[in-house]
Amino acid sequence: MDIKSLNSPVTRPVTSSETILIRAANNDDLPLIAIMTWEILVVTGRTDGYQFEKMLQGVRHMFAKSDQCRYLVALSGTRMVGQLKLTKQFNDLYCAEEGFVEHVFIHPEFRGQRIYDRMHQRALQMCGEWNLRRMALHVVGTNTQAKRAYEKQGMWATGFWMTQET
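Residues numbered from 1 in each chain as written. Predicted model: local features only at pLDDT ≥ 70, side-chain atom pairs only at ≥ 80, totals over all residues. Heavy atoms only, no water.

## Considering the pairing of strand S3 (residues 79–91)
Step number 1: Among the 13 residues in S3, 11 count as buried, and that is most of the element.
Step number 2: The sheet contact formed by strand S2 (residues 69–76) and S3 spans 8 bridges and is antiparallel. Each bridged residue has a counterpart across the sheet, and for Tyr71 the counterpart in S3 is Lys85.
Step number 3: In this structure, the hairpin formed by S2 and S3 is closed by a connection of 2 residues, where Gly77 is found at a positive phi of approximately 65°.
Step number 4: Where S3 hands over to strand S4 (residues 96–106), the hairpin turn is made up of 4 residues, of which Cys95 adopts a positive phi near 50°. (Buried < 20%, exposed > 50% of the residue type's maximum accessible area, 1.4 Å probe, protein only. Helix = DSSP H or I, 4+ residues; strand = E, 2+ residues; numbered from the N terminus. Pairing = 2+ DSSP bridges.)

This is the structure:
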């Protein structure tokens, strides 16, 4: 699976005359969301132990839980150029539910055009609709470009994230 398989190849960035639409994803978006989610694993070198078909089932599962999870997509015309997943999770430290951002992906040729900023603002609106107190995310430690984008939106680093298979 390769990001080049998304729609058709991009040969130029968005111009000021083009509009990027941020909207809630629908079932028709599911295949491209799965491909973008897989591309996140490829880019971060984490495909070991994952299977695309299993991950696709997981995306379908989350789509069915619209009261707990929503995907946003960024469109340039009819082309999907970005995604963001927001889940509602209970945080016992605050005794409240919070929004958790995952699977952020902007097509490489569309980066640097503030698409994430608009997706982030829409995610904050969704947190408000869900009456969530905070919004959090994890970022790969070496991804300084993403860290800067998150910081520009008012997020701050709070610690480390570690994982273990059981």
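## What about helix H2 (residues 52–63)?
Step number 1: Across its 12 residues, H2 extends 16 Å between first and last C-alpha, which sits within 8% of the 16 Å expected from 1.5 Å per residue.
Step number 2: Of all the positions in H2, only Phe52, Met55, Leu56, Val59, Met62 and Phe63 are classed as buried. Taken end-on, H2 shows its buried residues confined to a sector of 120°, consistent with a single buried face. Exposed residues on H2 whose side chains face more than 90 degrees from its buried face are Glu53 and Lys54.
Step number 3: For H2, the secondary structure elements touched by its buried residues are helix H1 (30–43), S2 and S3. (Expected span 1.5 Å × (residues − 1). Arc of directions from axis to C-beta. Contact = heavy atoms within 4.5 Å.)

## Quick word on the sheet that holds strand S1 (residues 20–24)
The strands making up a sheet are joined through hydrogen bonds of the backbone, oriented either antiparallel or parallel.
Step number 1: Taking strand neighbours across the sheet as the criterion, the 5 strands line up as S1-S2-S3-S4-S5 in an open arrangement whose pairing is mixed. Looking at the sheet topology across the chains shown, the edges are occupied by S1 and strand S5 (135–137). Neighbour-to-neighbour, the strand axes of this sheet turn through a mean angle of 25°, independent of strand direction.
Step number 2: Against the sheet, H2 engages S2 and S3, with an angle of about 105° to S2. (Axes fitted to C-alpha atoms, helices over the stretch in contact; angles between N-to-C directions.)

## Describing the confidence of the model for the protein chain
Step number 1: On average, residues of the protein chain score 83 in pLDDT, and 84% of them are at 70 or above.
Step number 2: For the protein chain, helix H4 (residues 144–152) is the element with the lowest average pLDDT, namely 82, and S2 is the one with the highest, namely 96. (pLDDT = per-residue confidence, 0-100.)

## As for the nonpolar core
Step number 1: Ala74, Leu84, Leu86, Ile115 and Met119 are the most contacted members of the largest nonpolar core, which totals 23 residues.
Step number 2: Listed by contribution, the elements that provide at least two residues to this core are S1, S2, S3, S4, helix H3 (115–129), S5 and H4.
Step number 3: Apart from the residues lying within four places of it in its own chain, the contact partners of Leu86 are Gln68, Cys69, Arg70, Gly99, Phe100, Val101, Ala123, Met126, Cys127, Trp130 and Met135.
Step number 4: Within the second largest apolar cluster, 22 residues are counted, among which are Leu30, Leu32, Met55 and Tyr71. (Core = buried A, V, L, I, M, F, W, Y, C linked by side-chain atoms within 4.5 Å.)

## Considerations on the environment of Arg23
Step number 1: Topologically, Arg23 is positioned in strand S1.
Step number 2: When the C-alpha atoms of Arg23 and Val73 are compared, they prove to be 5.6 Å apart, with 50 residues separating the residues in sequence.
Step number 3: Among residues more than four places away in sequence, those in contact with Arg23 are Asp29, Tyr71, Leu72, Val73 and Leu75.

## Focus: H3
Step number 1: Here H3 contains 15 residues, and its C-alpha end-to-end distance of 21 Å stays within 8% of the 21 Å for a straight helix at 1.5 Å per residue.
Step number 2: Burial in H3 covers these residues: Ile115, Tyr116, Asp117, Met119, His120, Ala123, Met126 and Cys127.
Step number 3: Elements that come into contact with the buried residues of H3 comprise S1, S2, S3, S4, S5 and H4.
Step number 4: Backbone geometry just after H3 places Asn131 at a positive phi near 55°.

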